[in-house]
Amino acid sequence: MLPIDDKTLNETIKKLEITNLISATIRQICSLSAELEKVSGEKFVHLELGNPGISAEQIGIEAECKALKNGIANKYPDINGLPQLKNAGSEFVKAFLDLKIPAKCIVPTVGSMQGSYTLMTLLKMRIPGKDTILIFNPGFPAQRHQAKMLGMNVRSFDIYNCRGEKLKDALEDLLADGRVTAMIYSNPNNPSWTNFTQEELKIIGEAATRHDVIVLEDLAYLGMDFRKDYSVPYNPPYIPTVGKYTDNYILLISASKIFSYAGQRIALVCMSEKVYNKRYPEMTEFFEMPNFGECYVFGVLYTASSGAAHSAQYAMAAMLESAVKGELNFVDHTKEYGRRSSLLKKMLEDNGFHLVYEDDCGEKISDGFFFTVGYKNMDSEPLQKELMKFGISSISLPSTGSTMPGVRICVSMISDEETFNTMENRLKAFNDAHGK
């Protein structure tokens, strides 16, 4: 029965040994909401976990099944990656981002999570004294945990008050002492769904070149800024990327969201040719390998997994090839998230909520996979708890590194009219209880 009382909620949090709700991981929040569903007997509205909410691309499924039937399951994959996939990846970034990245510089990983973790492992070793990663907040919480696990020093800043020209000053302050080896952000941003402008990407790229910093650009939601149509290969507008403004970049391109292929854990690490071929004396001595790219593939990635699953590589290759040919319009397929986002935003605003990160240098943010909301002057933890009591599960903005009060809204699991109606009814009940 809803709403859940304070005593039950707090006892459940204590039972699961969640020491701090607002810094809890996404999976901890999932465990909490699952336990509260048992306690209350009510199914929760799940806004915390970014599972794809649309079906996986059939082209990938068919290619993977064919590969398995052809007998590749008993063969180790090439740690460098399937040649077909490397070539398809190279052509894909050319078609949709207008970047030239040789096939040798494209390496499959077990999802972008493995990509970022293994890259951080290597980046902290490349130059003595450069032992720090700069994280743009708000961001994907797991990446901050990865840096923490690896013992990296972390710097961060909230982009909320650092848009446009202000970003230049913020980066100069953070990079000036030369200790930062890499910086990481997602674009579109998880959780805020902000998108950097071309001016801002230029600022980031020029700062990376000036301070010898490698940019990890996480493109998990590639092409999903639906304010422009990025769906036509080899035609402008191309998807914005820092790769147009520096050679010090590595792109992370995942199949999880753009192809709804999250379960098979497949992604691409796409290094600029300059980054791949760069030689670092200490790294060469440690790994006994000639350059950054080979140290990554044979020195780090090999020890992490011996390669990405063979069949999943065939699947991603087929999906990339189909997208490049204009046969698979992945941008159009993911526009469903924009529709859901638009409906949810109105529902929330009608019940007293407001957008937290609401514009890109004056232009209203796109509707998409995520957005962020606050409620009146309520702080993050009480807001997250009160929503939980009314059967709505979310993660707090502080857990993403944000300095702003509020929660993240993920639209992917709200896929049918019944769930929308449930969400609306619970928001009305929440507002009736708190809106006075």
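Please refer to the structure higher up on the page.
Residues numbered from 1 in each chain as written. Predicted model: local features only at pLDDT ≥ 70, side-chain atom pairs only at ≥ 80, totals over all residues. Heavy atoms only, no water.

### With respect to the sheet that holds strand β4 (residues 153–158)
Part 1: Spatially, the 7 strands line up as an open sheet ordered β2-β8-β7-β6-β5-β3-β4, and their pairing is mixed. Looking at which strands have only one partner, the edges of the open sheet turn out to be β2 (106–109) and β4. Going across the sheet, the axis of each strand differs from the next one's by a mean of 20°, ignoring polarity.
Part 2: In terms of strand pairing, strand β5 (residues 180–186) meets strand β6 (residues 214–218) through 5 bridges, oriented parallel. Residue pairing in the sheet places Tyr185 in a bridge with Glu217 of β6.
Part 3: Contacts from helix α8 (residues 198–211) reach β3 (132–137), β5 and β6, with the element oriented near 160° to β5. (Pairing = 2+ DSSP bridges. Helix = DSSP H or I, 4+ residues; strand = E, 2+ residues; numbered from the N terminus. Axes fitted to C-alpha atoms, helices over the stretch in contact; angles between N-to-C directions. Contact = heavy atoms within 4.5 Å.)

### Description of the packing of aromatic side chains
Part 1: Applying the stated criterion across every chain yields a total of 21 aromatic pairs.
Part 2: Pairing Phe96 with Phe330 gives two aromatic rings, centres 5.2 Å apart and planes at 75°, and the pair type is edge-to-face. Of this pair, Phe96 sits in helix α4 (residues 83–97) while Phe330 is found in helix α14 (residues 330–349), placing the two residues 234 residues apart along the sequence.
Part 3: Overall, the relative accessible area of 1% leaves Phe330 in the buried class. (Phe/Tyr/Trp six-rings, centres within 6.5 Å; stacked < 30°, edge-to-face > 60°. Buried < 20%, exposed > 50% of the residue type's maximum accessible area, 1.4 Å probe, protein only.)

### So, a negative patch on the surface
Part 1: A surface patch of like charges, here negative, comprises Glu165, Asp169, Asp173 and Glu199.
Part 2: As for its position among the elements, Glu199 is in helix α8. (Patch = residues over 30% accessible without salt bridge, like charges linked within 9 Å, V, L, I, M, F, W, Y side chains within 5 Å. Areas by Shrake-Rupley, 256 points an atom, 1.4 Å probe, with all protein chains shown as cover. Salt bridge = Lys/Arg side-chain N within 4 Å of Asp/Glu carboxyl O. Lys, Arg positive; Asp, Glu negative; His and termini not counted. Charge placed at Lys NZ, Arg CZ, Asp CG, Glu CD.)

### A look at the side chain of Arg126
Part 1: Relative to the assigned elements, Arg126 resides in the loop between α5 (111–123) and β3.
Part 2: Judged by relative accessible area, Arg126 falls into the buried class, the value being 1%.
Part 3: Here the side chain of Arg126 touches Tyr280 through a polar contact of 2.9 Å, side chain to side chain.
Part 4: Contact partners of Arg126, with chain neighbours within four places excluded, come to Thr181, Asp212, Val213, Ile214, Tyr280, Glu282 and Met283. (Polar contact = N/O pair within 3.5 Å; in protein donor to acceptor, adjacent residues only side chain to side chain.)

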